[in-house]
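# Fold and contact review
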Amino acid sequence: MSDATLEQYTLLLVGRTGNGKSSTGNAILDKPAFKPCNANIVSNDDVIEFSSAQVDGRSIQVIDGTGTGDIGSDAKLDTVSLIDCITKGLWGFANNVNAIILVLKYGVRFTKQEKDAVELIKSLFGQDVLKKWGVIVMTHGDNFEMDNEDSKATFEDWFKEQTGDIQTLITECDNRCVLFNNREKDEDKKLHQCQRLINKVKAIQNLPYTKEDFQKAEKGRKKLLVQANFPKMESETKEMIVQLHAKLAEMEKNGKQRENSEKLNVLYSQLINFKTYLENEDDGAGLVGRLVQQVEVALLSVKTKMTQWALVTPEDKQDTPPEEEPMIQPPIEEAGVRYNKGKDMACIELFTAEEEDKGPKCLDRLLSHKRARAIFIIAGIIVIISIIISVVCTVVLS
């Protein structure tokens, strides 16, 4: 039967170095296709290997992905090399992947290093990669059989009883979890464990993982690069701020304003450039916010010194429009306007500050007008009284 008529499955093996990833690939293919690596030996993790075989009437391709043993451990992961290796190597072997096989070791606590390795896998391939395509293979099945020889407990019983982070991971993979004994010699048992794995792969309801799915996870890989570079950026930020405070203290002592002006402008420009460098390195990952805040505080310190010493920042010079020449105006006394309104007249008076104490001239005119009116009224009353007296006298005499 030709390969074209066989069921075909492409499996990508991922996991920490030392969990038995390569040995699992050999057990699946039933041949020594990959060279196992001891966790205590520095491995060539930046190499992706591929092999295939016909197993139980199926065509199976296995990609032995790069190990993630350095994440969270004492060794330092070359993140750039890892991403470059996966990006260039993975799709040279296959157009798609039916399942992501996460290799864990039975009998070992699910430590922070294991959790970090899982997060690395998600950052590389997408946050939902295990939920959609993940199958967990627990190696060292022989240890499981020894531990449960008396109880006769099955592996399914075991993983259903798990709690904490490992149970969360198993649930995320929709309970797609199988036990492997990579040292098994019995051919029937070897075939049976491989069949269990393929059944879990067939249970995945999603279309195969493709290059397009990989490209969608680009943001996660950028975040990994920022995380790898973060200690360096953090150290650079700390060093720059320490040097800044030392230089500001030196300027306080020398008191040379002109010289300090030039130095402060240089410091200010350096801080602006360093802030831009941090933001560019972050590239939207949102990981360097704390460092940027520290630089902004340093910028504020420099700007405060400039204000105290009556200096102008380069930034201010760009924003400040050119000053217009002042118009020459003749000196004038401070002036005011008063509005006086009486019953019979209104008076708007312009007055100088010097005249204010004397009172507005309009008030004098107003008072003079009221006196004239009073005299007129009194004269009128006198005339009327005279007329009345005259009339009375005439009547009496007649």
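Cut-offs used in this document
Residues numbered from 1 in each chain as written. Predicted model: local features only at pLDDT ≥ 70, side-chain atom pairs only at ≥ 80, totals over all residues. Heavy atoms only, no water. Salt bridge = Lys/Arg side-chain N within 4 Å of Asp/Glu carboxyl O. Helix = DSSP H or I, 4+ residues; strand = E, 2+ residues; numbered from the N terminus. Buried < 20%, exposed > 50% of the residue type's maximum accessible area, 1.4 Å probe, protein only.

The name given to the protein chain in an unreviewed UniProt entry is AIG1-type G domain-containing protein, and the organism recorded there is Lymnaea stagnalis.

### Some remarks on the pattern of salt bridges
Summed over all chains, the structure comprises 21 salt bridges. E172 is paired through a salt bridge with K122; the nearest N and O atoms lie 3.0 Å apart. Of this pair, E172 sits in helix α7 (residues 164-172) while K122 sits in helix α3 (residues 112-125), and the two are 50 residues apart along the sequence. A relative accessible area of 22% means that E172 is categorised as partly exposed. When its relative accessible area of 10% is taken as the criterion, K122 is described as buried. Salt-bridge contacts for E252 lead to K305; the nearest nitrogen and oxygen are separated by 2.1 Å. Residue E252 is located in helix α10 (residues 218-254), and its partner K305 is located in helix α12 (residues 289-308); the two are separated by 53 residues in the primary sequence.

### Examining unusual backbone geometry
In the Ramachandran plot, H140 falls in the positive-phi region, its phi being about 60 degrees despite a non-glycine side chain. Phi at K152 is positive, roughly 60 degrees, even though this residue is not glycine. Here K152 lies in the loop between α5 (141-147) and α6 (155-160). With a relative accessible area of 65%, K152 lands in the exposed category.

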